[in-house]
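Secondary and tertiary structure notes
Spelled out, the chains give:
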Amino acid sequence: MMPVLPIQSSATTEECLHLGKLVVLTGPSGVGKGTLMRSLLERHPELYYSVSVTTRSPRPGEIDGKSYYFISGSKFEQLVAEDEFLEWAEFAGNYYGTPRETVLNQINSGKLVVLEIELEGARQIRASFPSALSVFILPPSFDELEKRIRSRAQDSEEAIARRLIRAHEEIQAADEFDIQIVNDDFETALNEIEAVLFK
Ligand SMILES: Nc1nc2c(ncn2[C@@H]2O[C@H](COP(=O)(O)OP(=O)(O)O)[C@@H](O)[C@H]2O)c(=O)[nH]1
Ligand SMILES: Nc1ncnc2c1ncn2[C@@H]1O[C@H](COP(=O)(O)OP(=O)(O)O)[C@@H](O)[C@H]1O
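Rules and cut-offs
Residues numbered from 1 in each chain as written. Chains lettered and ligands numbered in written order. Predicted model: local features only at pLDDT ≥ 70, side-chain atom pairs only at ≥ 80, totals over all residues. Heavy atoms only, no water. UniProt positions renumbered as here; feature names shortened; annotations may be inferred. Pairing = 2+ DSSP bridges. Helix = DSSP H or I, 4+ residues; strand = E, 2+ residues; numbered from the N terminus. Core = buried A, V, L, I, M, F, W, Y, C linked by side-chain atoms within 4.5 Å. Buried < 20%, exposed > 50% of the residue type's maximum accessible area, 1.4 Å probe, protein only. Contact = heavy atoms within 4.5 Å. Near = heavy atom within 4 Å. Polar contact = N/O pair within 3.5 Å; in protein donor to acceptor, adjacent residues only side chain to side chain. Areas by Shrake-Rupley, 256 points an atom, 1.4 Å probe, with all protein chains shown as cover. Nonpolar A, V, L, I, M, F, W, Y, C, P; charged D, E, K, R; others polar.

The protein goes by Guanylate kinase in an unreviewed UniProt entry, where it is assigned to Nostoc flagelliforme FACHB-838. The record held by UniProt for the protein lists under Sequence similarities (unreviewed entry) the comment "Belongs to the guanylate kinase family." UniProt's Subcellular location (unreviewed entry) comment on the protein is quoted here verbatim: "Cytoplasm".

Next comes the structure, spelled out in structure tokens:
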């Protein structure tokens, strides 16, 4: 297990706390995680957003290497076998993983690193990085969540149904995380996340 913060013999704990930080943003599909993340990055270009690897097909407008690294199932299996992921999980029929080396390098160079990942991966990060800060984004209601997933109009009916079933399970896990933020009014939610990240 790698520590989040590089402990140097000459550094006090207080100094170590300034070296780097890991934040996990999680919550059900359609709650607005991606949109919040994009706004955060626009306002705070100094943040490091970890681009995940996935076996899902690109949606219209998604760019390889920016939205995700889109790879095949067999390549994903190879990367798992080579222990290249900090965490990985299956979600709605596809695989998603966080590249280990880039994230650890960014934390160790003092960056504030943000992962936007689903529940199982967020649990794995909490287990291996107890000092990571975890934020769960909640919808104002389940009906509103369904509206958002549908209004995005980028998934098949089957993919939407799988996301909605999974959303019920994910929402029940909200209390496992350090902070819960309801994404009702977008600006309010964004400000709340900023307050947590930069306190
Ligand atoms: N565990 C894990 N989950 C991820 C990763 N990258 C993205 N996800 C999550 O996978 C889920 C599905 O993502 P996506 O297919 O882009 O659909 P969307 O969230 O409905 O837009 C979301 O909850 C993402 O937060 C990752 O590297 N690891
Ligand atoms: N506070 C909000 N109020 C209304 N719609 C929102 C809000 N936040 C996000 N959305 C919309 O909800 C949809 C899903 O958001 P998205 O960021 O793709 O969710 P996620 O990444 O969690 O799956 C998008 O169409 C987005 O514009």
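Attention now goes to the sheet that holds strand E5 (residues 85-91). The sheet built from four strands is open, its strands ordered E4-E3-E6-E5 with mixed pairing. At either margin of the open sheet sits one strand with a lone partner, and together these are strand E4 (69-70) and E5. Sheet topology places strand E3 (residues 53-54) next to E4; two bridges connect them, and they run parallel. The residue of E4 that forms the bridge with Thr54 is Phe70.

The subject of this paragraph is the nonpolar core. In terms of nonpolar packing, the biggest core is built from 26 residues, with Ile137, Ile181, Ile193 and Leu197 touching the most fellow members. Listed by contribution, the elements that provide at least two residues to this core are strand E1 (21-26), helix H2 (33-43), strand E7 (112-116), strand E8 (133-138), helix H6 (142-152), helix H7 (157-172), strand E9 (179-182) and helix H8 (186-197). Take this core: its biggest share by element is five residues, from H8. Not counting the four nearest positions on each side in its chain, Ile137 is found in contact with Leu25, Thr26, Gly27, Pro28, Val31, Lys33, Leu36, Ile181, Asn183 and Ile193.

Moving on: the environment of Tyr48. Mapped onto the fold, Tyr48 is located in strand E2 (residues 48-49). Judged by relative accessible area, Tyr48 falls into the partly exposed class, the value being 22%. Spatially, the C-alpha atom of Tyr48 lies 19 Å from that of Gly32, the residues being 16 residues apart in sequence. In contact with Tyr48, not counting residues within four places along its chain, are Thr102, Gln106, Lys111, Leu112, Val113 and Val114.

Attention shifts here to the site of ligand 1. Around ligand 1 lies a shell of 18 residues, among which Ser29, Arg56, Tyr68, Tyr96 and Glu116 are the nearest. A distance of 3.3 Å separates an oxygen atom of ligand 1 from a polar atom in the side chain of Thr98. Glu118 places a polar side-chain atom, nitrogen or oxygen, 2.7 Å from a nitrogen atom of ligand 1. Against a free-state accessible area of 570 Å², the protein chains account for coverage of 95% of ligand 1. Secondary structure elements with two or more residues in the shell around ligand 1: E5 and strand E6 (94-99). A per-class count over the shell around ligand 1 returns five nonpolar, five polar and eight charged.

In this section: the UniProt feature "binding site: ATP" (unreviewed entry) in the protein. UniProt annotation of "binding site: ATP" (unreviewed entry) refers to Gly27, Pro28, Ser29, Gly30, Val31, Gly32, Lys33 and Gly34 when read in the numbering used here. Secondary-structure assignment places Gly34 in helix H2.

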